[in-house]
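# Summary of the model geometry
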Amino acid sequence: MKNRLLIVLLLLGYSAFAQLKFEGVIKDSIGNPLELANIIAINQETQKLDSYGISNQDGYYKLSLEKNAAYKIQVSYIGMKTLQTDVKTGEVNLIKDFTLQNDNTLDEIELVYEMPVTVKGDTIVYNADSFTSGSERKLGDVLNKLPGVEVNDEGQIEVEGRAVSKVMVEGKDFFDGDSKLATENIPANAVDKVQVLKNYAEVGQLSGVTNNQDNVAINIKLKEGKKNFWFGNVTTGVGDADDKTLYLAQPKLFYYSPEYSVNVIGDLNNVGEIAFNRRDYFNFTGGFRSPSRSSGTNINLGNNNLGFLSLQNNRAKDINTKFGAANFSYSPKKTLDISGFAIFLSSRTDLQENSSVIYTNPDLNIPDESTESNTAQSSDLAMAKFSAKYKPNTDNQLDYDVLTRTSKESQDQLFYSSVNGNIDEFENAKPYSINQNLNYYYTLDDANIFALEVQHLLQDEDPFYNAILEDKDNYAGTASALGLDNLQLDYNLAQEKRVKSNQLDAKLDYWNIINSKSDINFTLGTIYSKQDFQSDIFQFLDDGSRFDNNPTINDGLDTNAIGYRFSDVYLGVHYRLKSGIFTFTPGFSTHAYSAKNNQFDTNFTDNFFRFLPDFNTRIQLKKSEQIIFNYAMRTQFTDVNQLASGLVLNSYRSIFSGNQELESALSHNLSLSYFSFNLFNYTNVNARLNYSKTVDRIRTTSQFQPGSVVRVSTPFNSNFADESASASARIQKTIGKFRGTLNGNFNYNKFNQIINGTPSVNENYSHSYRAELRTNFREAPNFELGYRYSIQDNDQGASRTKFFTKAPSIEFDAVIFKSFTFRTDYSYNSFSDEDRKINSFEFWDASLSYRKNADSKWEYEIKATNLLDTRSQNTSRSNNISVSATEYFIQPRFITFRLRYEL
C-alpha cells in the first residue's frame, strides 16, 4: 500500500511540474464579470481537449496547460457569441482576459469541441465523451467520472450528496422509483449528455410554491443513431466451477422515439451476478410517495415478510437468478402520457454459515451458543405499474397510478444449536398489495393554486412458520410454557398468520401567492387505516394431526383476532417568506386522532388532539451553496402487530405478545445541512447534523427462559426519552485528472430496555471514515484507491464492547492497444476488537475483453471471479445483549467466457 501511495504522489508531482497556469477574467461588453462561462483548450497537435474550466462569480477562470504547446481556446456563455483564439504556451504562466459580445445573430464561429460542462439555470449538462476513456460499459461507469456525481455501493445515484429521485431517458421515466436499474443496464456507448436537473418539480404548476431544493433528477440524452432505432446489447457466457457448469444470458434492449419508448432488460445466470435483489424489490417505491409524508403523522403498517437470511456482498454458496423487466411510455397526443413497467425476479439460493454468540452480561444467565445452518431459499417476486398523465392545458393536470405487487417465497433452514440441538425451520408466504394514486392540480389564476392528492393501499400478508425441534430436553421449559404435547418424537411447532391492511391517505392543498416573495399554504387532510390480524400457534403430532396447545403463560392466549382502526383528520398552515438570501417557512398542523382496537371482546380507544409545529429555513449563500435548517414535531403510531396480545412466534426462540393499550409516541426532530458545489474549482462539500428525542417511545421487555436462549418479549411505552444524533460530512476535490474524496459519519443512540426484569440504558456509538482517490485519464490507465475505517462502540450498562473494521480496496482499468480492456478490483476486510484481530477476508476479481474498435458489434471477454478462491467471509455483529461472529460461505473461484453483441 505504501508503494502504491508513493507512485501516486510521484504522478501528481510530475503532472504539476510539466504544466503551467493559464488564467484571467471573462467579462461582457460593458465590463461585468460573467459567472459560469465555459472555457476549453484544444491541443493543436493532438486535436484533443487538454483542459476546461468554468468561471467563478468574479468571472475568474484557471486552466492547466502543457508547456511549449499550441492551443485553440474557446470561450462561451449562454446568450453571448462564442469567442475563439489561438494561444502558444512557453515556460511561464499566462494571464489573458476575454470579453464576450451579445449574440444577436447566428454564431458564425464553428465550435471545434463540445463543452464538457455547461450550466443553464438549475440544469448542469455534462458531455459524456469529455470524461470517458473507452473502458466504460454501463451508465454507472460514466456517472462515476462526472464531477459532483457518484454511484453509491447500492447502485443509487447521488448528486452533490443528494439522492437522485428520478431517472429519465430522453425525458421519459426509466423505471420510476429506482436509479439502480439505470446505472446497471443503460449502455455507456449510448450516452451523449447527462442532464442534472436540480430543484426538480414533478408538477410544473407547483414549482413556484413548493420547496424542491432537495429534489434532483437526471435525464440521459442519447447519441445520434440511438433514436428511432433499437439499441443495446446481448451478453452470453459459460464457465465452470467445482465441476458445475455456469451460464449467463443478459439481453438489454432499448427503443426511443418522440412518441414512445420501450426498454427490455433480462438476466439469467447462476454465477451470482444479481441484477435486482430482494432488498431492491422491497425498497422499490415505483415513484409513490405518501400525501401525508410532511403532515407530522407517522403510522407504520408493519412488516410481515419472512425472516429471510440476507446475502452478504451479494454473495452466497450458490445463487441462481432469473430477472426480467420491461418499461414503456407512449404519448398518443400532446395532452396525454401513458407509461408503465413490469418487473419479475426469481431466485434460488443456498446459504451456509456458522456462528457463535456470546452474551455480554453474565447476570442474565444466558448460555453462549454455537450454531451451524444450511438454508435453501426460493423467491418469486413480481410487480407492475401503470400510469397516465392528462394535461389539457397549463392550468390543469390529472395523474393516475396503480402499482401491484405479488410474491411467493419460502425458506427451509436446517439448523444446529449447541443449546437446542437440531432444528428444521420452514417459512413461506404469498402476500400481495395494490397501491393506487390519484392527483389533480388546478391553477385558478396567478395567485391561487389547488392540489388534490389521494392514495389508497390494499395489502394482504399470510406468513406461515414451522419449526421441528429434535432435542426435546433442552426445549422442555419453553414447550411446557407453550403447552405442547411432550409425548411426541419431537416438537413440531407451527403458526398461521394473516394480516390485512387497508389505508386511505388524502389531502387538499391551497396556495395563495401573496406577492413574489411570500405565499401561504392551507392543507386539509386525512389518514384512515384499517388492519385485521389473525394468528394461531399449534402443534403437528406424530400421526399428522393438529393439536391446539394450551399455554401456561400469557393467560393462556396463543391466538389472535384483532381489529385495529386508526384515523387522523388534520389542518395544516404554512407561510413562506423570501428575504434576500433567506427563505423562512414556519407552519403548524392540528390533528384529531383516533386509535382503537378490539380483541377478545375488549375495546381500547385512544382519542386526542395534538398541535404539531414545524419550521424550515433556507439560506442561499450562492447559486450552488446553501444552508438548510429543519425542525418538526411528529406523532408516531404503531401497527397492529404490536397491539395483538396473544402469543406470536417470530421464531422458535423468539416469542412475542403485544400490548393492547400501547399509545403513540411524540418526537422532536432537528436537522442542519450544508451543501456546496463549486464548478470553478470542482470542490463538492456537504454536511449534515441530525438530532431526535422521542417521548413515550415503544420499547420491549424481554424475559429469557432459565438457562435458555429463548425469549418472550412484550412492548411497552417507555417513561424515559430515547435520543439519537448523527453527523456526516463529505468533501470531494478534483485537481486535474485526480479526484479525492473524504467521508465521515457518526451515529449515537440512547435507548431503554428491560431484560429479565432488569431495566438498563444502552448507548451505541458508531464512527465510519472513508478516503478515496480516483483518476480520470483519457489515454492512460485509471485506478481508484479506497480505505474505510469504522468503529462500533456499544455501552450495554453492565458491559462495553468496541470493534474496529479496516477495509482497503483498489480498482484498476486500462484500454490497451485501443482494442483490449483490462479491469480488476481487490478488497481486504479486517475485523478486530481492542485486543486482537478476530477475522479477515479478501476478494480479487479481474476481466480482459477484446473489441476490435469502438464501433465493433462484437466483444469477447474472459472474467475471473474470486481469484484468491476465498471460500468464506467472516463478519461480526453486536447488539444490546450479545456479540456474535459468523463464518459465511460463498461461491469458489470460477472463470467465465463471455460474448457481447451490440445492436
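Residues numbered from 1 in each chain as written. Predicted model: local features only at pLDDT ≥ 70, side-chain atom pairs only at ≥ 80, totals over all residues. Heavy atoms only, no water.

A few words on the packing of aromatic side chains. Counting across every chain of the model gives 39 aromatic pairs. Pairing Phe608 with Phe637 gives two aromatic rings, centres 6.2 Å apart and planes at 25°, and the pair type is stacked. Of this pair, Phe608 sits in strand β35 (residues 602–622) while Phe637 is found in strand β36 (residues 625–637), placing the two residues 29 residues apart along the sequence. Each member of the pair Phe608 and Phe637 is classed as buried. Taken together, Phe174, Phe175, Phe231, Phe254, Tyr256, Phe276, Phe284, Phe323 and Phe341 form an aromatic cluster joined through their ring pairs. One residue, Arg162, lies across the ring of Phe675, its end atom 3.7 Å from the ring centre. (Phe/Tyr/Trp six-rings, centres within 6.5 Å; stacked < 30°, edge-to-face > 60°. Helix = DSSP H or I, 4+ residues; strand = E, 2+ residues; numbered from the N terminus. Buried < 20%, exposed > 50% of the residue type's maximum accessible area, 1.4 Å probe, protein only. Lys NZ or Arg CZ within 6 Å of the ring centre and 35° of its normal.)

Now for the pattern of salt bridges. For the structure on display, the rule yields 42 salt bridges. Between Lys385 and Asp401 there is a salt bridge whose closest N-O contact spans 4.0 Å. In this pair, Lys385 is assigned in strand β24 (residues 369–393) and Asp401 in strand β25 (residues 396–417), connecting sequence segments 16 residues apart. The burial state of Lys385 is the same as that of Asp401; both residues are buried. One salt bridge in this structure joins Arg498 and Asp460, with 2.7 Å as the shortest N-O distance. Here Arg498, found in strand β30 (residues 491–515), pairs with Asp460, found in strand β28 (residues 448–461); they are 38 residues apart in sequence, far enough to count as distant. Residue classification places Arg498 among the partly exposed residues on the basis of a relative accessible area of 35%. Each of Lys166, Asp173, Asp176, Glu202, Lys385 and Asp401 takes part in a single network of salt bridges with overlapping partners. (Salt bridge = Lys/Arg side-chain N within 4 Å of Asp/Glu carboxyl O.)

Let's shift gears to the nonpolar core. Counting 53 residues, the largest nonpolar core has Tyr126, Phe174, Phe175, Phe323, Ile343 and Leu679 as the members making the most contacts within it. Looking at which element gives the most residues to this core, the answer is strand β17 (residues 216–222), with 4 residues. Apart from residues no more than four positions distant in its own chain, Ile343 is found in contact with Phe175, Leu181, Phe276, Phe284, Phe323, Gly324, Ala325, Leu381, Ala382 and Met383. Ranked by size, the runner-up nonpolar core spans 19 residues in total, among them Tyr593, Phe608, Ala644 and Val648. (Core = buried A, V, L, I, M, F, W, Y, C linked by side-chain atoms within 4.5 Å. Contact = heavy atoms within 4.5 Å.)

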